[in-house]
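# Structure at a glance
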Amino acid sequence: MLGYYFDLALRSLRRNKMLTALMVVAIALGIGASMTTLTVLHVLSGDPLPGTSSTLFYPQVDPRDMDGYEEGKRPPEQVSWVDGMNLLRAKRADRQALMTGGAVPVQPAQSNIDPFFSDARYTSSDFFPMFKVPFLYGRPWSESEDGAKARVVVISRTLNEKLFGGKDSVGQTLRMKDTAFQVVGVIDLWRPSPRFYDLNMDSYGSLEDVFVPLSTARDVHFEHSGSTDCWGTGGGDEEHAETSPCVWLQFWVQLNDTGKVAAYRDYLVHYSQEQKALGRFQRPPNAQLPGLMEWLDINKVVPGDVRLQTWLALGFLLVCLVNTVGLMLAKFLRRSGELGVRRALGASKREVFAQLLVESGVIGLAGGFFGLLLAFVGLWLVRKQPSSYAALAHMSSGMLLVTFLLAVGATLLAGLLPAWRACQITPALQLKSQ
C-alpha cells in the first residue's frame, strides 16, 4: 500500500513541477540553515569524555580574605599552590591531577629546525589515565618520577612528527630551556572538545604538544600562563608563585561511585574548616564539587553567538515550514476534483489523508537531501572562520540521520493541515461541479 501511495505522490509532484520545486527549496533552505547551526552547537556542547565524564569532578575551596566577601558566591575557579599540593598529597580520590599551562622554548637537535616555543601542560602523573589519554609510543611518567622532579617529557604526535619524523622517539632527548629531557611517551591523536581541564585557556583551541611533571616545571623555572587571581598584598610573580596568596592551578579528581563523591565533598568542607582554624582561610567554609558537565555549564563554554545563531536558524526553519504549509494547501485544494472522484470511487478519508501525507513525506525527503548539501556548504564556510572552534564543525553520522528525520518530520507536520482540509471535500459537490 505504501508503494502505491508513493507512486501516486510522484505522479502528483511531477504534474506541477514549479510548485513542487518551490516546496523543496523552502524545506531545503530551512533544513540547511538549522542543521548547520545545530551541528556546530552539538559539537561545542557535547561530552568531551563520553563514558568517563560522570566520574570526573573539579574541587573548589575558598582561601581568600574577607575583602569583597559575599555569601553564596562561588569559590575561585582555581586553587593555590598550597591547597593544590595539600589536596593532591591527601589522595582522597581514586585519581587526582594538579596542573597549569605554559609555553616552553624547544631547542631541536636538528640543525634545519629553528628553536621555537611550544604550548605545554605541567601536571601530575594521574593526568593521563584519568583523562583516558591514548599513547602511540611509550608511557606516562610515574608517581615516583613526579616526586623526584625527573627530567622526563611526554610529547604529542604532532611534535613527534616534526622533531623525529614520526618514529618511536621514546628514550630520545628533547632540550627545553637549556635542560635535557628524556622522552618517555608520545600521545596519539587526542582532542577532547572543549578542552575541559583548563577553561582559562582557549576552550576549543589546539591542545598542548609538551607535557612535563609539575614538580619538574617548577624546579627548572618554566613560566606558566593563564589566569592568576591574587588577593591581599600578594603578587603574581613567578618567583613567589608557590607562596603568594594567589590561585593559578587547576585540580581534578576521579571518583568512581556516588559514595566517594559524598565523602570527598565532606572532606573538602573539613579541609576548609581545618585551614580556617589554622588561620589560612578567613571566609566561612565554601567547598564545591561540580562534575565535569556541570563545570562546563557553570563556565558557559558554548559561545553565546552560537546559541543565538541556532535560535535564528530554527526560526527561519519555522518560516519556511509556514510557507510550505501555504503551498501545500494551495496544491491540495487545486486537486479537489481529483480527490472527489477518488472518494466517489470508494476511497475513504483515511486513504486520501495517507496519500497526501506520503506526498508531504516525499517532499521532505527531497528537501532533506538538498538541505544536507546546503548544510555541508554551511559547515565548510564555518570552518573557514577565524574562530578557534571552526575546525571542529563536521557533521557526524548521528547528525546526518537527524537531518533526514527533521526534514521528513517537519514536512509531515506541515502537511497535516493541508491534508486534513483536502479530506473534508464533499465528493458529490465536486462531481457536480465537474
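Figured I'd write up the structure that's included with this text. (Residues numbered from 1 in each chain as written. Predicted model: local features only at pLDDT ≥ 70, side-chain atom pairs only at ≥ 80, totals over all residues. Heavy atoms only, no water.)

On the surface, Phe369, Phe370, Leu373, Phe376 and Leu400 cluster together to form a nonpolar patch covering roughly 450 Å² of accessible area. For the nonpolar patch, the element with the highest residue contribution is helix H12 (residues 349–383), accounting for 4 residues. With respect to the helices, strands and loops of the structure, Phe370 is situated in helix H12. (Patch = residues over 30% accessible without salt bridge, like charges linked within 9 Å, V, L, I, M, F, W, Y side chains within 5 Å. Areas by Shrake-Rupley, 256 points an atom, 1.4 Å probe, with all protein chains shown as cover. Salt bridge = Lys/Arg side-chain N within 4 Å of Asp/Glu carboxyl O. Helix = DSSP H or I, 4+ residues; strand = E, 2+ residues; numbered from the N terminus.)

As a further point, take the environment of Pro140. With respect to the helices, strands and loops of the structure, Pro140 is situated in the loop between strand E4 (135–138) and helix H5 (143–147). For Pro140, a relative accessible area of 26% translates into the label partly exposed. Along the primary structure Pro140 and Pro129 are separated by 11 residues, whereas in three dimensions their C-alpha atoms are 8.5 Å apart. (Buried < 20%, exposed > 50% of the residue type's maximum accessible area, 1.4 Å probe, protein only.)

Next up on the list: unusual backbone geometry. Following Ser193, the chain continues into Pro194 via a peptide bond in cis, with omega recorded as 0°. Within the secondary structure, Pro194 is located in the loop between strand E7 (179–187) and strand E8 (210–213). A positive phi angle, close to 50°, is found at Lys91, a residue other than glycine. You can see Lys91 is positioned in the loop between helix H3 (81–90) and strand E2 (95–107). Accessibility expressed as a relative area gives 48% for Lys91, which makes it partly exposed.

A few words now on the packing of aromatic side chains. For the structure on display, the rule yields 23 aromatic pairs. Here Phe127 and Tyr197 contribute two aromatic rings whose centre-to-centre distance is 5.3 Å and whose plane-to-plane angle is 80°, an arrangement assigned as edge-to-face. Within this pair, whereas Phe127 is found in helix H4 (residues 127–130), its partner Tyr197 is found in the loop between E7 and E8, the two being separated by 70 residues in sequence. Since its relative accessible area comes to 0%, Phe127 is described here as buried. The class for Tyr197 is buried, based on a relative accessible area of 1%. (Phe/Tyr/Trp six-rings, centres within 6.5 Å; stacked < 30°, edge-to-face > 60°.)

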